[in-house]
Amino acid sequence: MAEARRVNRMWRNMNAKIAAVPMILTTLVVFVGGTAWTVVYSFTDSKLLPRERWVGFDQYERLWSNSRWLTSIENLMIYGVLSLVFTITIGFLLAVAMDQKIRFEDTFRTIMLYPFALSFIVTGLVWQWILNPEFGIQHIVRGLGWESFTFNPLNNPDLVLYGLLIAGLWQGTGFVMCLMLAGLRGIDEDIWKAARVDGIPTWKTYVQIILPMMRPVFITTLVIVAAGIIKLYDLVVAQTSGGPGNASQVPAMYVYDYMFQAQNLGQGFAASTMMLLTVLIVLIPWAYLEFGGRKHG
Amino acid sequence: MKPFKLAAALAASVALPSAGLATDLEVTHWWTSGGEAAAVAELAKAFNAAGDNWVDGAIAGGGSTARPIMISRITGGDPMGATQFNHGQQALELVEAGLMLDLTDVAEAEGWKDKVFPPSLLEACTVDGRIYCAPVNIHSPEWLWLSNKAYADAGLPVPTNWTEFVESGPALEAAGKIPLALGNQAWQSNLAFNAITVAVAGLDVWKQVNVEKNMEVAAGPEMAAVFAAVGDARKLAAKSTVQDWNQATNLVLSGEAGGQIMGDWAQGEFSVAEKVAGTDYTCLPGLGLNAYLSTGGDAFYFPKNDDAEVEAAQKRLAALLVSPEVQVAFNLKKGSLPIRGDIDLAAANDCMKKGLEVLASGNLVPSGDMSWSPDVVKQNEDLMVEFFRTDMAPDAAHAQWVSNLESGL
């Protein structure tokens, strides 16, 4: 009986399943296959063209003793943590502000979301000019009379990451705000009414009732923002090209430079495999909690 | 009858255009600054005048941006008609994989072997006895460009060598100038390092390290002195915040910076701005210490193509690039040195003449591009840009540099 029912289910809805075949094949061949190929070839000494000369973990040893790679990882962690905390906090606060039934909400929403319509290349170039001491903020403030004012983050190795962060936040918070606003609007009016009847202050309603109810929105946002952080590349290329020195390098730039400029595919593959591993370390526990937990419950 | 006629008409329409008409050849290169673009226009003009059609495929952003695009087009099965590389190891694997057209017959017909000077340029095009590229100019990166205006403003004499330049640094800085203009891109830091190596350590050490690949010399006291000298340069360049090399050259042009270490292509920017060598700016080959120049250069490679017409046009272009007239026209605009010893550059300016003298005297060293793989070059670039922009200790940089070289042995 059980056997027959399973077969039945497999043959049900055939049209949809056939329609999904191309996508499944693409996923298997391009994504999974490409990933597997990259991992396998990271154990070779491939230069410009891939070749099967196995060298074990040599590429990884070289990678983890390279100061530029270590700087990249450190930068990514600092940028990642700050970017996650600030985009989500600022995004949520903006969404709450938007949710107070203000006038011209549409106008404000458009303004806030506008930076997201620009590519990272444009964002990077714009902020490169704004933060440039000769043309940007420093120049304007000095023009207003504060002669000793210095604000030059992009040429200071200790501050350059924050220069990138400003540009990243400017670009990304509007989008997070929209996601959060959608989440807030999805909360039933009756819950607000009930909270008001019980005399709970507004801020307490947000923190203790609305926030927990918005968990799915937060998780979606987290995944989107985190994926954007790990693949961070174009913003850095446009704004600082990794400089000054190697102070704002990120892993994706290392991968590109070693695969194509240094003509050392093996090294680039090893670096991209490490990036994949980073993603998996973040993703697997989350997926387990999200999907694994629900089945039992 | 009808299908036959149609087929005949179709065949005729295909056959006709190929008879004696111009062939389009797409040429990719990274020559996009003012002086460079003017030089490329000379090549295009000569090729078009010979009856073919030059389709310009300039890629902005310098060689490190352009080369990955070129390589992925060639390996991805979308080859262009011809493409620039720095000859040496950059295209070596493409040649070994059989992706490049063999130009040996052109070279023999045109007698390149006797005419190309110095011969190392043609050797760099040769793989297993076959010739795969047409050299077009000589790059010599070991030049110090000085702004006469900056020194006049500061009330100082224009230095005649690197040592004087370093000594004049503090006085120049006190006069509100940047002593040494240096773009932030990694390859520029590495170029400055190599130029200082040739100047400070001299030819013998350079050859032992880069040609014989003697790692004991690389780790020895002569190179330690070079790293100390680069440490001096780093202090002078601390206030320079530009990115591209031509922005740095522009600082020298306008007198905001004292000098710049850059290849002879900087000359093109000076001539576009109509500055006169000797009065507006001064050039010191080999930084004025050791008048040696390394003879790397640009060459054109011709990716293999199925179309016989295109192949014929590729060979025509290869012959044209090395011909005396094109060499003169191109190199005068670019400010670089020609690859043949048998032509007269009467119109050459002060700086080019200095370069030609060095060339004629035979004070030449092979360039790093020819002896080290792109992987080693990239690692050194990463190291140098870090060294120039942080307070990394010279001996730490020295040790890292030696291990970078060892990875390429």
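Reading the values: the criteria
- Counting of residues starts from 1 at the beginning of each chain's written sequence and follows it residue by residue.
- Starting at A for chains and at 1 for ligands, labels are handed out in the order in which the entities are written.
- Reporting of local features is limited, given that this is a predicted model, to residues whose pLDDT is at least 70; pairs of side-chain atoms are given and counted only at 80 or more, and all residues count toward the totals for whole chains, interfaces and linings.
- The side-chain numbers reported here are obtained from all heavy atoms of the structure, hydrogens and water having been left aside.
- In this text, helices come from DSSP runs of H or I with a minimum length of four residues, and strands from runs of E with a minimum of two, each type numbered from the N-terminal end.
- C-alpha atoms define the radius of gyration, and 2.2 Å times the number of residues to the power 0.38 defines the globule rule.
- Using a 1.4 Å probe on the protein chains alone, a residue whose accessible area is under 20% of its type maximum counts as buried, one over 50% counts as exposed, and one in between counts as partly exposed.
- The disulfide definition used here is simple: a pair of cysteine sulfur atoms within 2.5 Å.
- Any pair of residues with heavy atoms lying within 4.5 Å of one another is described as a contacting pair.
- Structural elements are reduced to axes, namely lines fitted to C-alpha atoms, with helices fitted over the stretch in contact, and the angle between N-to-C directions of any two is expressed from 0 to 180 degrees.
- Here a crossing is taken to be left-handed if its near helix is turned anticlockwise relative to the far helix by less than a right angle, and right-handed if that turn runs clockwise.
- Nonpolar residues are Ala, Val, Leu, Ile, Met, Phe, Trp, Tyr, Cys and Pro. Charged residues are Asp, Glu, Lys and Arg, and all others, Gly as well, are polar.
- By nonpolar core is meant a set of buried Ala, Val, Leu, Ile, Met, Phe, Trp, Tyr and Cys residues that side-chain atoms within 4.5 Å join together.
- We call two strands paired when DSSP finds no fewer than two bridges between them.
- By convention in these notes, a salt bridge is any Lys or Arg side-chain nitrogen within 4 Å of a carboxyl oxygen on Asp or Glu.
- To pair, rings of Phe, Tyr and Trp, with the six-membered ring standing in for Trp, must have centres within 6.5 Å; the planes then decide the type, stacked if under 30 degrees apart, edge-to-face if over 60, and tilted in the middle.
- Summed over both partners, the accessible surface that disappears when two parts come together, traced with a 1.4 Å probe, is what is meant by buried area.
- Here a polar contact means two N or O atoms within 3.5 Å. Within protein one must be a hydrogen donor candidate and the other an acceptor candidate, and residues neighboring in sequence count only if both atoms are side-chain atoms.
- For patches, a residue must show more than 30% relative accessible area and have no salt bridge; joins then use 9 Å for like charges and 5 Å for nonpolar side chains, namely Val, Leu, Ile, Met, Phe, Trp and Tyr.
- In short, Shrake-Rupley with a 1.4 Å probe defines the accessible areas, and a residue's cover is counted only from the protein chains shown.
- One less than the residue count of a helix, multiplied by 1.5 Å, gives the span that helix is expected to have.
- Bend is the name given here to the angle between axes fitted to two runs of seven residues, the run ending at a residue and the run starting at it.

Caption draft 1: Spatial organisation of the overall build of chain B. Looking only at helices and strands, chain B has 20 helices and 13 strands in total. For chain B, whose C-alpha radius of gyration is 23 Å, the value lies close to the compact-globule estimate of 22 Å for 409 residues. For chain B, the C-alpha atoms occupy an extent of roughly 90 × 45 × 35 Å along the three principal directions. Classification of the 409 residues of chain B by burial places 56% in the buried group.

Caption draft 2: Molecular detail of the state of the cysteines. Residues and elements named next belong to chain B. For the structure on display, the rule yields 2 disulfides over all chains. Cys 125 shares a disulfide with Cys 133; S-S distance 1.8 Å. Torsion about the S-S bond of the Cys 125 and Cys 133 cystine: about -90°, corresponding to left-handed handedness. Summarising the burial analysis for this pair, Cys 125 and Cys 133 share the class buried. A disulfide bridge connects Cys 283 with Cys 351, and the sulfur atoms are separated by 2.0 Å. The S-S bond linking Cys 283 to Cys 351 shows a torsion near -115°; that makes this disulfide left-handed. Of this pair, Cys 283 sits in strand E10 (residues 281–285) while Cys 351 sits in helix H17 (residues 350–361), placing them 68 residues apart in sequence. Under the relative-accessibility criterion, Cys 283 is labelled buried at 1%. Each bonded cysteine of chain B gets a number by its place in the sequence, and the pairs then read 1-2, 3-4.

Caption draft 3: Spotlight on the side chain of Gln 267 of chain B. Considering the arrangement of structural elements, one finds Gln 267 of chain B in helix H14 (residues 266–272). Contacts of Gln 267 of chain B, omitting those with residues within four sequence positions, involve Trp 145, Tyr 281, Gly 335, Asn 349, Cys 351 and Met 352 of chain B.

Caption draft 4: A look at the packing of helix H9 (residues 189–197) of chain A against helix H10 (residues 202–213) of chain A. All names here are of chain A. The geometry of H9 relative to H10 is characterised by a closest axis approach of 11 Å and an angle of 140° between their N-to-C directions. Note on packing geometry: the crossing formed by H9 with H10 is right-handed. Together, Ile 191, Trp 192 and Ala 195 of H9 and Thr 202, Thr 205, Tyr 206, Ile 209, Ile 210 and Met 213 of H10 make up the contact between the two elements. Classifying every residue of the contact of H9 with H10 by side-chain character gives 7 nonpolar, 2 polar and no charged.

Caption draft 5: Highlighting the nonpolar core. Residue and element names in this part refer to chain B. With 64 residues, the main nonpolar core has Trp 145, Ile 196, Ile 261 and Trp 401 as its most contacted residues. Broken down by element, the residue count for this core peaks at 9 residues, all from helix H10 (residues 186–210). In this structure, Trp 54, Met 100, Leu 320 and Leu 321 belong to the second largest nonpolar core, which totals 57 residues.

Caption draft 6: Representation of the pairing of E10 of chain B. Residues and elements named next belong to chain B. Across the 5 residues that make up E10, a large majority, 5, are buried. Burial along E10 is two-sided: the residues Tyr 281, Cys 283 and Pro 285 and Thr 282 and Leu 284 are all buried. Where strand E7 (residues 143–147) meets E10, 5 bridges bridge the pair, whose relative direction is antiparallel. Bridge pairing links Ser 147 to Tyr 281 in E10.

Caption draft 7: Highlighting the pattern of salt bridges. Counted by the stated rule, this structure contains 28 salt bridges over all chains. Note that Lys 47 of chain A and Asp 375 of chain B form a salt bridge whose closest N and O atoms lie 3.6 Å from each other. Taken together, the residues Lys 47 of chain A in the loop between helix H2 (14–41) and helix H3 (58–64) and Asp 375 of chain B in helix H19 (residues 374–389) connect one chain to another. Across the pair Asp 99 of chain A and Arg 185 of chain A runs a salt bridge, and its minimum N-O distance is 3.0 Å. Within this pair, whereas Asp 99 of chain A is found in the loop between helix H4 (67–98) and helix H5 (105–113), its partner Arg 185 of chain A is found in helix H8 (residues 160–185), the two being separated by 86 residues in sequence. Asp 99 of chain A sits in the buried class, given a relative accessible area of 14%. Residue classification places Arg 185 of chain A among the partly exposed positions, given a relative accessible area of 42%. Each member of the salt-bridge network shares a partner with another, and the members are Arg 68 and Asp 257 of chain A together with Lys 378, Glu 381 and Asp 382 of chain B.

Caption draft 8: Unusual backbone geometry, seen in detail. The omega torsion across Phe 117 of chain B and Pro 118 of chain B is -5°, close enough to zero to call that bond cis. Structurally, Pro 118 of chain B can be placed in the loop between helix H6 (112–115) and helix H7 (120–123). The residue Lys 101 of chain A is not glycine, and still its phi comes out positive at about 55°. Tracing the chain through its elements places Lys 101 of chain A in the loop between H4 and H5. One non-glycine residue, Phe 104 of chain A, adopts positive backbone phi at about 55°. With respect to the helices, strands and loops of the structure, Phe 104 of chain A is situated in the loop between H4 and H5.

Caption draft 9: Examining the packing of aromatic side chains more closely. Residue and element names in this part refer to chain B. Using the criterion set out here, one finds 29 aromatic pairs over all chains in the structure. Measuring from centroid to centroid gives 6.1 Å for Trp 145 and Tyr 281, while their planes differ by 45°, and the two rings are tilted. Here Tyr 281 lies in strand E10 and Trp 145 lies in strand E7, a separation of 136 residues in the sequence. For the pair Trp 145 and Tyr 281, a shared accessibility class is recorded, and that class is buried. Aromatic side chains Phe 387 and Phe 388 sit 6.4 Å apart centroid to centroid with 80° between the ring planes, which places their arrangement in the edge-to-face category. The residues Phe 387 and Phe 388 share a single accessibility class, namely buried. Taken together through their ring pairs, the aromatic side chains of Phe 193, Phe 227, Phe 387, Phe 388 and Trp 401 make up a single cluster.

Caption draft 10: Region of interest: the interface of chain B and chain A. Contact with chain B, which involves 21 residues of that partner, is made by 21 residues of chain A. Both sides together, the interface formed by chain B and chain A hides about 2,000 Å², and carbon and sulfur atoms give 49% of it. Broken down residue by residue, the surface that chain B buries against chain A is led by Glu 93, Asp 375 and Lys 378 of chain B, which jointly contribute 28%. Here chain B and chain A share 4 salt bridges between them. In this assembly, chain B and chain A are joined by 13 residue pairs in polar contact (both at pLDDT 80 or more). Of the residues that constitute the side of chain B that touches chain A, the class distribution is 6 nonpolar, 9 polar and 6 charged.

Caption draft 11: Here's a closer look at a nonpolar patch on the surface. On the surface, Val 21, Met 23, Ile 24, Leu 25, Leu 28, Val 29, Val 30, Phe 31 and Val 32 of chain A cluster together into a nonpolar patch covering about 850 Å² of accessible area. Locating Val 21 of chain A in the fold gives a position in helix H2.

Caption draft 12: View of the side chain of Gln 243 of chain B. Tracing the backbone through its elements, the reader meets Gln 243 of chain B in the loop between helix H12 (221–236) and helix H13 (245–253). Beyond its immediate sequence surroundings of up to four residues, Gln 243 of chain B is in contact with Thr 240 and Ser 241 of chain A together with Gly 183, Asn 184, Gln 185 and Gln 188 of chain B.

Caption draft 13: The sheet that holds strand E9 (residues 257–261) of chain B, seen in detail. Residues and elements named next belong to chain B. Here 4 strands make up an open sheet; going across it, the order is E8-E9-E7-E10 and the pairing mixed. The open sheet has two edge strands with one neighbour each: strand E8 (178–181) and E10. Along the sheet, successive strands turn relative to each other by an average axial angle of 20°, direction set aside. Here helix H9 (residues 162–174) sits on the sheet in contact with E7, E8 and E9, set at roughly 130° to E8.

Caption draft 14: Structural view of H10 of chain B. Residue and element names in this part refer to chain B. Helix length check: H10, at 25 residues, gives a terminal C-alpha distance of 20 Å against a target of 36 Å (1.5 Å per residue), a shortfall beyond 12%. In the structure, H10 departs most strongly from a straight axis at Gly 202, where the bend amounts to approximately 120°. Burial runs high along H10: 19 of the 25 residues are buried.

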